[in-house]
Structure formats: structure tokens, C-alpha cells
Amino acid sequence: MAVAAITAAVGGASARAEDCGKNGEGFSKWLSSFKQVATLDGVSAEAFDAALGGVSYDPEVKRHDGGVAMFGHNFAGFAASHVTPGMVARGKAELKRYAEPLAKIEQRFGVPGPVLVAIWGQETSFGGDNGSFPTYTALATLAYDCRRAERYRAELIDALMLVERGIVQHPSQLRGAWAGEIGQTQLMPSAYLMFATTPDGTGTPDLVHDGADALASTANFLKAHGWQQGAGWDEGEPNFAAILQWNSAEIYAKTVALFADRLAGR
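Here goes a summary of the coordinates provided. (Residues numbered from 1 in each chain as written. Predicted model: local features only at pLDDT ≥ 70, side-chain atom pairs only at ≥ 80, totals over all residues. Heavy atoms only, no water.)

### What about the nonpolar core?
- Counting 79 residues, the largest nonpolar core has Leu52, Tyr136, Leu156, Leu160 and Leu222 as the members making the most contacts within it.
- Each residue touching leucine 156, except ones within four places of it in the same chain, is listed here: Trp30, Phe34, Leu52, Tyr136, Leu139, Ala140 and Ala143. (Core = buried A, V, L, I, M, F, W, Y, C linked by side-chain atoms within 4.5 Å. Buried < 20%, exposed > 50% of the residue type's maximum accessible area, 1.4 Å probe, protein only. Contact = heavy atoms within 4.5 Å.)

### Notes on the pattern of salt bridges
- Overall, the coordinates contain eleven salt bridges when judged by the stated rule.
- One salt bridge in this structure joins glutamate 60 and arginine 63, with 2.6 Å as the shortest N-O distance. One end of the pair is glutamate 60 and the other is arginine 63, both in helix H4 (residues 59-65) and three residues apart, which spans about a single turn.
- A residue is classified by how much of its surface remains accessible, and arginine 63, at 52% relative accessible area, is exposed.
- Between arginine 266 and aspartate 234 there is a salt bridge, with its nearest N and O atoms 3.7 Å apart. Of this pair, arginine 266 sits in the segment after helix H14 (250-263) while aspartate 234 is found in the loop between helix H12 (211-224) and helix H13 (240-246), placing the two residues 32 residues apart along the sequence.
- Judged by its relative accessible area of 52%, arginine 266 is exposed.
- Taking the relative accessible area as the measure of exposure, aspartate 234 reaches 22% and is therefore partly exposed.
- Counted as one network, the salt bridges with shared partners bring together Asp65, Arg147 and Arg148. (Salt bridge = Lys/Arg side-chain N within 4 Å of Asp/Glu carboxyl O. Helix = DSSP H or I, 4+ residues; strand = E, 2+ residues; numbered from the N terminus.)

### Some remarks on the state of the cysteines
- All told, the structure shown has one disulfide when counted by the stated rule.
- Paired by a disulfide, cysteine 20 and cysteine 146 hold their sulfur atoms 2.0 Å apart. Looking along the S-S bond of the cysteine 20-cysteine 146 disulfide, the torsion reads about 100°, which is the right-handed sense. Highlighted residues: cysteine 20 in the loop between helix H1 (3-14) and helix H2 (27-40) and cysteine 146 in the loop between helix H9 (135-144) and helix H10 (149-164), separated in sequence by 126 residues.
- The exposure class assigned to cysteine 20 is partly exposed, which follows from its relative accessible area of 33%. (Disulfide = S-S within 2.5 Å.)

So this is what it looks like as C-alpha cells:
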């Protein structure tokens with residue numbers, strides 16, 4: 001379900017779990033009340049307890065959320081450290097290794113392999129580092145924190161729906177980034193629910209362990225956010241806007257575009 005739709009769904013109920021905090025005090029009480037909200041949104045007690053039973057507030061997540069902008073303000077410096085000769089060589093090797101699924105993905109969604117592999121490389125070093133934060137702990141911490149509580153309560157409901165539907169079968173073992181992103185290209189739970197797919201659209205996608213599924217899901221997201229087949233992706237070209245929908249930081253988007261150019265031999 002989309003973030004907007006889920007937010008609308010929890011909007012009325014959220015008043016019953018309206019309290020928030022800036023530290024761990026009151027977290028347990030809030031989590032107990034949020035269970036009622038989740039129940040109203042179709043999350044069973046079993047799924048809630050499997051994901052959030054025993055979860056505690058994580059001050060490290062709070063510190064990351066309140067930190068400085070991760071991309072800084074220097075595109076040249078950021079790009080130089082992220083689009084290195086080694087990264088480009090690895091990316092080209094992954095293009096060859098995943099040539100068959102990438103061809104299927106481009107046929108379905110119109111998104112070329114170099115763009116997808118560039119995002120994959122930037123997000124998790126081609127699946128090598130999906131993140132180490134317990135996903136449900138991170139989401140619950142941010143859902144309780146006053147800064148962006150409404151947004152993250154919606155994401156937490158979507159993450160619980162992943163358990164409810166059997167997509168995530170071992171929630172306590174799920175690890176990702178501090179902001180709750182999941183899988184090899186770091187989709188938020190709302191995007192996972194909406195865009196997760198396989199290269200040919202059959203079977204059950206696994207964005208954590210299967211790189212091809214993560215790439216296909218990324219292409220599905222980009223297509224849904226305005227990707228135009230055959231158009232350029234550099235700044236000022238039509239598809240740059242779709243990359244900005246993936247991540248609104250201009251420095252990040254420009255770095256992905258540059259990385260994709262290098263992978264495409266431009």
C-alpha cells in the first residue's frame with residue numbers, strides 16, 4: 001500500500017497513540033497503545049508480537065536521524081569518493097553477471113541496467129552491506145520520536161503488514177539502514193509493498209537475498225515515478241526527475257547519473 005494511502009488509514013487512529021517523545025522515556029507505554037492502532041489497520045496480534053515483542057528504543061537511531069545531512073554540499077567530492085575506478089569496475093562486472101535478468105527488467109520497465117546497477121552500488125555496495133540496524137527497532141524508534149512520527153507510524157504499519165502477509169518471516173532477524181530501509185536497494189516498507197517484484201513478474205520477490213529481485217523492484221519504482229524509456233538520465237534530462245524521486249538529494253541523484261554514465265561507457 002502506498003505511503004499516502006496508509007497515512008490516511010492510520011490518520012484517525014493515530015490520535016489514540018498521539019504521544020511521542022524525544023528519548024526512550026514513555027516508549028514502552030506508547031508501543032502498547034500502538035498495538036491497538038495496528039490492530040485497527042489489519043495487523044494481527046501474532047504479527048505485531050513477532051515484529052515488535054521485546055523491542056526497545058534505540059538512541060543510536062535517534063542520533064542518526066538528528067545528524068548532519070549525509071551527502072554534504074560538495075558534489076565533486078562526494079562523487080569522487082563514490083564513483084571510483086574500483087566501483088566502476090565492479091559495476092561493469094555486475095552488469096555482465098546480471099545481463100539476463102537486466103534484459104528482462106529493461107524490457108518490462110524501460111530502465112537500463114547501468115542506472116539500476118549504479119543505484120545498487122550506491123545503496124549497498126551491490127548487496128554487500130544492507131545495513132546492520134534491526135529494522136523493526138529502527139522503525140519503532142522513529143515512529144515514537146516526535147520529529148517525523150506521522151510518517152514513520154505509516155511506515156511501521158506497512159512493515160508490520162510485511163509480517164502479516166508472510167513476506168518477512170523472521171522479523172527479529174531483519175537488518176537494514178537506520179531509517180528502516182530494507183533490501184539490497186534500500187526500499188522503505190511502503191515501497192516494498194507496492195513495488196517488490198521479480199525480473200519476469202513471476203514468483204515471490206526477495207529483496208534482501210536476491211539481487212535480481214532488488215533490481216527489478218527498483219526499476220518498477222522508477223517506472224511508476226515517471227521514468228521514460230529511451231530518454232536520458234543526466235541532470236536536465238527527463239529521467240533525472242525519476243532518480244530524484246528515488247532520493248531527493250540532488251548530490252545523490254547526480255552521483256547516480258554519473259555512475260550510470262561510466263557504466264554505460266559514456
